[in-house]
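Read off the chains here:
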Amino acid sequence: MDLARVKNADKLDLCRKYYLGGFALLPFLWLINSIWFFREAFLKPAYEQQPQIRTYVIRSMIGTTVWLAIIVTWVTVFQTHRVDWGVIADRISFIIPRGVP
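The following refers to the structure shown. Throughout, residues of each chain are indexed from 1 in the direction in which the sequence is written. Selection of residues for local features in this predicted model requires a pLDDT of at least 70, selection of side-chain atom pairs for listing and counting requires 80 or more, and totals for whole chains, interfaces and linings are taken over all residues. Excluding hydrogens and water, the side-chain values take into account all heavy atoms of the structure.

**Some details on the nonpolar core**
Nonpolar cores were defined as sets of buried Ala, Val, Leu, Ile, Met, Phe, Trp, Tyr and Cys residues, with membership established by side-chain atoms within 4.5 Å. Think of it in three bands: with a 1.4 Å probe and only protein chains considered, a residue is buried below 20% of the maximum accessible area for its type, exposed above 50%, and partly exposed in between. Counting residues in each nonpolar core, the largest one holds 12 residues, listed as Leu3, Leu12, Leu14, Cys15, Tyr19, Trp30, Phe37, Ala41, Tyr47, Ile53, Tyr56 and Val57. Residue assignment for this core shows that the elements contributing at least two residues are α1 (8–22), α2 (27–42) and α3 (50–85). Ranked by the residues each element gives to this core, the list is headed by α1, at 4 residues. In this analysis, two residues are considered to be in contact whenever any of their non-hydrogen atoms come within 4.5 Å of each other. Setting aside anything within four residues of it in sequence, one finds tyrosine 19 in contact with Trp30, Asn33, Tyr56, Arg59 and Ser60. Helix and strand definitions follow DSSP, with helices as H or I runs of at least four residues and strands as E runs of at least two, each counted in order from the N terminus.

**Considerations on the pattern of salt bridges**
Every case where a carboxyl oxygen of Asp or Glu lies within 4 Å of a side-chain nitrogen of Lys or Arg is listed as a salt bridge. For the structure on display, the rule yields 5 salt bridges. Two residues, aspartate 90 and arginine 82, come together in a salt bridge whose shortest N-O distance is 3.2 Å. Take aspartate 90: its relative accessible area is 28%, and that puts it in the partly exposed class. Where salt bridges share partners, they join Lys11, Glu40 and Lys44 into one cluster.

Take it as geometry only, folks, not as evidence of what the structure does.
In structure tokens:
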């Protein structure tokens, strides 16, 4: 979709839907929202809905960063302590590596 052809009120509505969708454990929507609406929020000349779009874009960036930090932390902890956790780690693994690290 070309945002240049969309009315400003519709842009705000779409940006808000992507922002709220990120709370449904879909942080990928926050990433898309941040990228897709960045130009509208920060680079375009000012218009009535721009401050609200800017708010949603900033919050989407924060949400994406928080989720990324959580995922990286979990992967790091799991990979470094998987063997120590024994059976519990094997039960929550999709692929169980063979051998001892």
